[in-house]
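Coordinate analysis (summary)
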Amino acid sequence: MRHSSALTVLSMSLMLSACGGDGESTQARGADPKLPEPEHTLVPSMKIAEPVAWGEQKPTVPEGYSITAIATDLKIPRQTLVLPNGDILIAEGRGGSAAKLKPKDVIASVIKAQGNTQVKGGNRLTLLRDADGDGNYEVKTVFAENLNAPYGLAFADGKLYVANQDALVRFDYEEGQTKASGAPTKVTDLPSAINHHWTKSLTVSPDGRYLYVGIGSNSNVTERGMEVEVDRAMVWQIDAATGAHKPYATGLRNPTALTIQPETGQLWTVVNERDELGPDLVPDYLSSVKEGGFYGWPYSYWGQNVDTRAQPQNPDKVASAIKPDYSLGSHVAALGVDFSEPSMGEKFANGVFIGEHGSWNRPNPVGYKVIFVPFSNGKPAGEPIDFATGFRGADGKTRGRPVGVTVDPRGALIIADDLANTVWRVTRNQ
Amino acid sequence: MTVTAPSTYRYTPSPLHAILLAGTVPLFLGGLLSDIAYFQTYQIQWSNFASWLIAGGLLFCGLTLLFALVNLIRANHKAGRPVLYFVLLLITFVLGLINAFEHAKDAWAVMPTGLVLSIIVTGLAFIAAWIGLTNLRSGDEQ
């Protein structure tokens, strides 16, 4: 009797956990995710990261690979760039000036801040150099400062482009420089009012002619009003020579990282989708970006799934919404993406690395790792593979949160960690 | 000609108690009117106004509830008005709190539940204030 009731309790708790969509395995990932019905609970489910220091610990990487911290004590590293000579640039900062409009905003900002670093953003670029190629980056120096929450970085034709939270700027760069020769030149202003999502992601076309800037929405789902969403939730194409811009693709809620597929020249992005529809909605995604394409926000998600919170609705826009290519699972908060190189090893040669900052809007946290999405014939194919894990430990404490990931053509993955204020480097063992 | 009512309850609310009690009504009413404006216009600022007015209503209502509780404990005859007044305020506060969480949802997710709750809470606050302040008036006549 006692035995059977214990079994009942066990099976019920298993059922409950299955219902809650707690485990990551129940998260729909891939090209055709199964989406549950939206939930509108009174209080959104939350689990905020509890930060602790790494100490002697490190992230876990696959067998045959090693990970090292190549820079610590940074001031909120976000995205990185590997220059032609192998030097690494790190954008450091924290932006956003969104007013707290409701009592909820006041409370939520206090809660969410607990899961982030307390360090003040550096508003600068730091340069790392490993002159002798031994994997030890012995030079760590400030390349440029007095920037305004720099995030996206790109390099082409001797020009270094930096996407501040309010403007795209350019430095002239000569190989071997460890310090910018002067203040940057403004290419164009970027939409910066409110900056609810302040990060401006950046990449450059292979010929250096066009820059692509990802601009996040000014709200979760229009709760700051439709008026403030002009020029938001889209990717701009900017003429590098003139600074002229046009919307390249729209309806992308928060395109936090952009990259170009080497063999095709196609633009790809990772997008953070909306919150507060339950633990398994809405999937964040990896997608190619079609010129002129509309991807749903705010009216619908994953194609034609209408979000009734955005009013008045727009059935025509919903009908035109493109389904993204590949679901990464809901709330993982993908903030970095880069295409791999054969130098990363056979298993990880063809595909993209993605940095996942980790969830808050979920009872069982997801993300908090770097994954690899394998590609075949130029498209995502198959299940994602964990590449760097342990950012959130089995003890429930969070030691780091991955942001930008950059593939060093010499065979290394650079990972920015904005909780531990560290930059990690993963290499193959020789 | 003095009125000799059956002595059920003869507490006169203090000025602070009266201010908090009476103030609850326009705060929740303001929230309701703002909800109606948002419902009709989709202008998000009305919803922001509603959120703060409801938060203010809850603050006033919660403090009034403390006064009502003290009165209830100190009343010689607890049945009838003292308990009715307290229970009405308690229900107003609890539904008001649920309404505050409802209003914490993003954009149109507030509707229509937020509007319906605002109507109920405003009605309850009005009745509670009526009952609570009726004693103030009868107290004056002594």
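For the structure, see preceding data.
Residues numbered from 1 in each chain as written. Chains lettered and ligands numbered in written order. Predicted model: local features only at pLDDT ≥ 70, side-chain atom pairs only at ≥ 80, totals over all residues.

Let us look at the packing of helix α1 (residues 15-41) of chain B against helix α2 (residues 44-74) of chain B. All names here are of chain B. Packing of α1 against α2 brings their axes to within 8 Å, and their N-to-C directions diverge by 160°. The angle between α1 and α2 falls in the class roughly antiparallel. Relative to α2, the crossing made by α1 is left-handed. Considering only residue class, the contact of α1 with α2 consists of 15 nonpolar, eleven polar and one charged. (Axes fitted to C-alpha atoms, helices over the stretch in contact; angles between N-to-C directions. Helix = DSSP H or I, 4+ residues; strand = E, 2+ residues; numbered from the N terminus. Parallel < 35°, antiparallel > 145°, perpendicular 65-115°, else oblique. Left-handed = near helix turned anticlockwise from the far one by under 90°. Nonpolar A, V, L, I, M, F, W, Y, C, P; charged D, E, K, R; others polar.)

Residues and elements named next belong to chain A. Here strand β11 (residues 210-215) pairs with strand β12 (residues 234-239) via six bridges, running antiparallel. When the bridges of β12 are listed, Gly214 appears paired with Val235. In this structure, β12 lies alongside strand β13 (residues 245-250), joined through five bridges in antiparallel fashion. In the sheet register, Ile238 faces β13, and the bridge partner there is His245. The loop that links β12 with its antiparallel partner β13 comprises five residues; one of these, Gly243, has a positive phi angle of about 85°. (Pairing = 2+ DSSP bridges.)

The partner chain B presents 15 residues to the 19 residues of chain A that form the contact. A per-class count over the side of chain A that touches chain B returns seven nonpolar, six polar and six charged. (Contact = placed C-beta atoms within 7 Å.)

Counting residues in each nonpolar core, the largest one holds 90 residues, and the members touching the most others are Leu211, Val213, Val235, Leu286 and Ile354 of chain A. No other element matches strand β26 (residues 412-417) of chain A, which puts five residues into this core. Those residues in contact with Ile354 of chain A that lie beyond four places of it in its chain are Val270, Leu286, Leu328, Ala334, Gly336, Val337, Val370, Ile371, Val373 and Val405 of chain A. Core analysis: the next-biggest nonpolar cluster, separate from the first, contains 29 residues, Leu27, Tyr38, Ala50 and Leu53 of chain B among them. (Core = buried A, V, L, I, M, F, W, Y, C linked by C-beta atoms within 7 Å. Buried ≥ 20, exposed ≤ 12 C-beta atoms within 10 Å, placed from the backbone.)

Let us now look at α1 of chain B. Residue and element names in this part refer to chain B. Across its 27 residues, α1 extends 39 Å between first and last C-alpha, which sits within 8% of the 39 Å expected from 1.5 Å per residue. For α1, every residue scored as buried is listed here: His17, Leu20, Leu21, Thr24, Val25, Leu27, Phe28, Gly31, Leu32, Ser34, Asp35 and Tyr38. Residue Tyr42 follows α1 closely and has a positive phi angle near 65°. (Expected span 1.5 Å × (residues − 1).)

Looking now at the packing of α2 of chain B against helix α3 (residues 81-103) of chain B. All names here are of chain B. It is the contact of α2 with α3, at a shortest axis distance of 9 Å, that shows an interaxial angle of 155°. Overall, the two elements α2 and α3 adopt an arrangement that is roughly antiparallel. As α2 runs across α3, the sense of the crossing is left-handed. When its residues are assigned to classes, the contact of α2 with α3 shows 18 nonpolar, nine polar and no charged.

Residue and element names in this part refer to chain A. The strand order β14-β15-β16-β19 describes an open sheet built from four strands, whose pairing is antiparallel. In this open sheet, the two edge strands, each paired with only one partner strand, are β14 (255-260) and β19 (326-330). Between one strand and the next, the sheet's axes are offset by a mean angle of 15°, whatever the strand orientation. Pairing analysis gives five bridges linking β14 to strand β15 (residues 267-271), with the strands arranged antiparallel. Looking at β15, one finds that Thr259 is bridged to Trp268.

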